[in-house]
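Coordinate inspection notes
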Amino acid sequence: MKRFAALFAWLLFSSILHAQEAISLPSKSDVTAASTEDVRMKALEGQLRTLAGEVALLRSELKQLREAKSPEQASGPQVLLASSHPQPGMLSNSPAPAPAQLAQTQTYGGATSNAKLLNPDISLIGDFIGTAGRNTISPSRSLELHESEVGMQAIIDPYARADAFISFGEEGVNVEEGYVTFTSLPAGLLLKVGKMRAEFGKVNTIHNHALPFIDRPLVTNNLVGGEDGIDDAGISLSRFLPAPKDWFLQGTAQVYRGDSSDVFAAHRRQDVSVVGHLRVYRDLGESTNLDLGASYARGHNGAGVGTTFDPANFLTNLYSADATIRWKPLRRAIYHSFLFRTELFWSARDQLSPLNTFQTQHAFGLYSSGEYRVNRRWTLGGRFDRSARAAGGSLTDTGFSSILTYWPSEFSQIRGQYRYGRLWDAPNDRFTNANEFLFQFLFVMGAHGAHPF
Amino acid sequence: MRNVSIETRVLALLAAFALLSAVFPRPASADNKLNVMTATTDLAALAQEIGGDKVTVESVARGYQDPHFVEAKPSFLLKLRHADLLIIVGLELEIGWLPPLISQSTNPKIQVGAPGYFDASRFAKILEIPTGVVTRAEGDVHPLGNPHYWLDPENGLRIAKGIQNKLSEMRPNDAAYFAQRYDSFEQRLKQADEKWLAEMQPYTGRKIVTYHRSWPNFAEHFGLNVVGYVEPRPGIPPSPQHTVELIGLMKRDSVKVIVVEPYFDLKTPNAIARDTGAQVVVLMPSVGGEKEITDYFKLFDYDIAKLKQTFDTTK
């Protein structure tokens, strides 16, 4: 652990130094070694101070939001973004907040700098779900504001940007993701630090409101931690890997604390979990592309706690493979598109057998889904689900769903989903059928950053 | 056995990354050309005019693609990560796809605010900047102004000047070359513009309807009068009620031309045209929209020829 920590600290430190050197000290040849060191330290100190300032700013903003009564927020003095290079004359002309006539006529060079304030992009996504029908295994509420996700996204400094997504659910508040991304590291490295959805397969990385269906696949619920999935505090490092021409190859290595829903549980500090992901992508033409991935996750689970066994011996290994094929004709991109995706998951979970002996339970699950954009306003989709349970591999749940989405605009969606499931009913020791109709209203306020492809 | 320390594995992974980084450093641009990426083809065409053979230029979006809705494909990352300069349209035109591409590119040179990040809108004359309260009740509004500003040759010239300064700043040794290319471009463009203006002169003040608000700069420069839009609000698909209103307006004002961008469905425009006796014309908002439109000059040549033809047949 110490070795690892030391290596990581060195890596981080040297990367930041490198980045700063590359940008702020292009000509160091004429400076003596000692003073270079000095300048470096100073630059680092400066960065630390700005970061601390940013954190304080974010905190106060969060507090404001929590208190949830600040509609008059933007009326204060307007601050121009330091990086937005206002043209001379632009500022002195408009001391009062009345840039209206000014903007109409005098716009050369001022358009961007005028409106961009130092505030982060703030958005709220409301996710309202209603459910009808019969499901005795995993019933959900008839009507609920399932989640209100507040997003705050900003560029921190020339070296980093930060994204925070705070989700207010029916049961409480949860930092879904909050991480800083260092975008200017040497050697093509991309470093993310914070709490984030792990790069494990595809569906695990997608926020609730961006899912192609109202719910997550059965296999996510059975094997990969349910709605929250593998979502933990940790560090992620990724890099493009050398590949043949026109192939995109990216490797990601992540270390987390080891606490993720019901998948991983860390009892000791060294019980960290790791996630590795390899992504292969290729354009098959300008309209069609193929996206493949393989993922691995490993961490401790809670099965050994309170038994005579050493809890440190109980691990969960997860493997996944995903494949996506997309079609979107460029000339009619807003009218037609098709996406087919399938993900396979294997779980190997150490646990106690009914006879109280140590065993490794293997379980397999998958889903396959397709979405077709019929026209500018309607999308059709279907999904097939099949998954064993992590703790009982021989009991396989099966299901399918079909969904219809209506888009009044880019900023709202109305959906209806029919869901069938043949689910294991443990208390009664038999399979039971679930037939449900779900509907959902999604709406976006403010500036929500684009989602990764 | 089971407890084979996780740290060791992580260590190995990190070490492997570090090693890979060391073994495969980024190839320095072998031919010493500046590697310029642009968001759209028009900016690529302008950069090529100024950069000549000292640069390689490529655009992320294609000319026949709706620049609001480009997909942030990983294949673009491969190109962006080696770029020395990224030229964008700005005004939030690319907000749906460019930010993740930039931050994932692992290229410090083109990050927002870095020397290789060039927002062309800062040099252009921008129209339709909303005043007063801006809400999405207006549809997909651009709070900073209409981003389709490149369809005015004067803006083309302003952007080219900006690019010339930027390239000279990045390659001071070639400054004279870029200055000479700019002068040549300015001369040719002014000449061509005189010709275009003369060609459009007989149609000054003609009323037209366009699908999306892509043409305010074009209309202003060439003296056309855009009186309505097929979209009820920017980014909102045509609705029956709005279409009926538009037909009424077109009949009243005897508007005979409907301009449509190549990435919109022709069904509604054709229906409106049948009802009003107007004609639908597909104009190209960008270089590369048709194979023959290979540069900034041919873009106007194409659009003006099409417009003239349409005006002449709809007297």
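Residues numbered from 1 in each chain as written. Chains lettered and ligands numbered in written order. Predicted model: local features only at pLDDT ≥ 70, side-chain atom pairs only at ≥ 80, totals over all residues.

Our focus in this paragraph is the overall build of chain B. Scanning chain B from terminus to terminus reveals 10 helices and eight strands. Seen through its C-alpha atoms, chain B measures out along the principal axes to roughly 80 × 55 × 40 Å. Residue burial in chain B is summarised as follows: out of 315 residues, 49% are buried. Here the contacts in chain B between residues at least 6 apart in sequence split such that 62% fall between residues at least 24 apart. (Helix = DSSP H or I, 4+ residues; strand = E, 2+ residues; numbered from the N terminus. Buried ≥ 20, exposed ≤ 12 C-beta atoms within 10 Å, placed from the backbone. Contact = placed C-beta atoms within 7 Å.)

This part takes up the sheet that holds strand β3 (residues 85–88) of chain B. Residue and element names in this part refer to chain B. If you trace the four strands from one edge of the open sheet to the other, you get β2-β1-β3-β4, paired in parallel fashion. At either margin of the open sheet sits one strand with a lone partner, and together these are β2 (55–59) and β4 (117–119). The mean angle between the axes of side-by-side strands here comes to 20°, regardless of whether they run parallel or antiparallel. Relative to β3, strand β1 (residues 34–38) runs parallel, the two being bridged by three bridges. (Pairing = 2+ DSSP bridges. Axes fitted to C-alpha atoms, helices over the stretch in contact; angles between N-to-C directions.)

With a phi close to 45°, S261 of chain A is a non-glycine residue in the positive phi region. By the element assignment, S261 of chain A lies in the loop between β7 (247–256) and β8 (273–283). On the basis of neighbour count, S261 of chain A is assigned to the partly exposed category, with 16 C-beta atoms found within 10 Å. Phi is positive for L91 of chain B, close to 55°, though the residue is something other than glycine. On the secondary structure map, L91 of chain B appears in the loop between β3 and α4 (98–104). Residue class for L91 of chain B comes out buried when judged on the 25 C-beta atoms lying within 10 Å of it.

A47, I87 and I258 of chain B are the most contacted members of the largest nonpolar core, which totals 87 residues. The element best represented in this core is helix α2 (residues 41–51) of chain B, accounting for six residues. Split by domain, the residues of this core number at least three in each of domain 1 (34–194) and domain 2 (195–313) of chain B. If we ignore the near neighbours within four places in the chain, the residues touching I258 of chain B are V209, V230, P269, I272, A273, A278 and V280 of chain B. Counting 41 residues, the second largest nonpolar core, distinct from the first, contains F182, L185, F200 and V274 of chain A. (Core = buried A, V, L, I, M, F, W, Y, C linked by C-beta atoms within 7 Å. Domains from an automatic or database assignment.)

Below, the discussion takes up the pairing of β1 of chain B. All names here are of chain B. Among the five residues of β1, four are classified as buried, and the element is accordingly described as predominantly covered. Of the strand pairs in this sheet, β1 and β2 are connected by five bridges, and their pairing is parallel. From the neighbouring strand, V36 faces β2, where its bridge partner is V57. Following the backbone out of β1, through α2 and into the adjacent parallel β2, one traces a crossover that is right-handed. (Right-handed = clockwise from strand over helix to strand, strands pointing away.)

Moving on, we come to the sheet that holds strand β8 (residues 279–282) of chain B. Residue and element names in this part refer to chain B. What the four strands build is an open sheet, ordered β6-β5-β7-β8; its pairing is parallel. Strand pairing shows two members of the sheet lacking a second neighbour, β6 (225–229) and β8, which therefore form its edges. Geometrically, the sheet is characterised by an average inter-axis angle of 35° between neighbouring strands, direction not taken into account. Bridge count between strand β5 (residues 207–210) and β6: four bridges; the pairing is parallel. What sits directly across from T210, in β6, is Y229.

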